Amino acid sequence: MSEKSFLLAYYSSSGNTKALAQNIHQIVGGEIFEIKPQKPYSKSFLSILLRSGLDLVTGNKTPLPSTTDISKYDVIFVGYPLWISNTPSPINTFLSDHNFAGKTVIPFCTTGGGKAGKSFGNVQKLAKGATVLDGLQVRAGNIAASKEAIEKWLIKVGIK
Ligand SMILES: Cc1cc2nc3c(=O)[nH]c(=O)nc-3n(C[C@H](O)[C@H](O)[C@H](O)COP(=O)(O)O)c2cc1C
């Protein structure tokens, strides 16, 4: 797959997913793009919980002012922090606002130790028309030492 073009798009509220995205980027190269909500989320767990819970109940989509042209890429890595066992709202907007038909999407996330399976299912649901490969989840405390896990995962999904 080495001749394919890669985009690493990620959302990070407190920096963990950003650090993991940078580790992955060092290995796969390609373009890196930070997804930023129009109104940043506060760093407080409770206020994020309240805001994202409200978004969920009201069906409100988190607006993203800047975006990227994904049509140029074959493989799109999508990174995020696990929120309430699922994808965070900025990622939901990113996935539902772009055309993923014919793309390969590979999710990765950082967690506090919970299971990310449901969030990977949500990526599959929202990235319509994409082939979604196995995701990587890394516990926040393990990001600095994640190189080996990243390498193994990239081999498993056929990128290396
Ligand atoms: C609102 C909120 C909900 C969270 N829910 C979960 C969860 O369900 N399971 C889990 O393992 N970690 C959970 N976490 C922890 C984050 O996934 C973890 O700290 C992540 O590394 C943060 O990434 P970031 O620094 O890129 O924002 C939650 C954090 C927040 C703020």
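Described in the following lines is the structure provided in the data block.

Conventions adopted
Residues numbered from 1 in each chain as written. Predicted model: local features only at pLDDT ≥ 70, side-chain atom pairs only at ≥ 80, totals over all residues. Heavy atoms only, no water. Helix = DSSP H or I, 4+ residues; strand = E, 2+ residues; numbered from the N terminus. Buried < 20%, exposed > 50% of the residue type's maximum accessible area, 1.4 Å probe, protein only. Polar contact = N/O pair within 3.5 Å; in protein donor to acceptor, adjacent residues only side chain to side chain. Near = heavy atom within 4 Å. Areas by Shrake-Rupley, 256 points an atom, 1.4 Å probe, with all protein chains shown as cover. 1 Å grid on protein atoms, 1.4 Å probe; cavity = no way out; pocket = protein on both sides within 12 Å on 5 of 7 lines; lining within 4 Å. Sits in = over half its atoms within 2 Å of the grid points. Nonpolar A, V, L, I, M, F, W, Y, C, P; charged D, E, K, R; others polar.

## Topic: the side chain of Thr17
Right, so step 1: Mapped onto the fold, Thr17 is located in helix H1 (residues 16-28).
Right, so step 2: For Thr17, a relative accessible area of 1% puts it in the buried group.
Right, so step 3: A distance of 2.9 Å separates the side chain of Thr17 from the side chain of Thr110, its partner in a polar contact.

## Examining the site of the ligand
Right, so step 1: Surrounding the ligand, one finds 20 residues, the nearest of these being Ser12, Ser14, Thr17, Leu82 and Gly114.
Right, so step 2: At 2.8 Å from an oxygen atom of the ligand is found a main-chain nitrogen or oxygen belonging to Ser85.
Right, so step 3: A distance of 2.9 Å separates an oxygen atom of the ligand from a polar atom in the backbone of Gly112.
Right, so step 4: For the ligand, whose unbound accessible area comes to 650 Å², protein coverage reaches 84%.
Right, so step 5: Because more than half of its atoms lie within 2 Å of the grid, the ligand is assigned to the largest pocket.
Right, so step 6: Counting residues per element, the ones that place at least two in the shell around the ligand are H1, helix H2 (45-58) and strand E4 (104-111).
Right, so step 7: The element best represented in the shell around the ligand is H2, accounting for three residues.
Right, so step 8: Per-class residue counts for the shell around the ligand are eight nonpolar, twelve polar and no charged.

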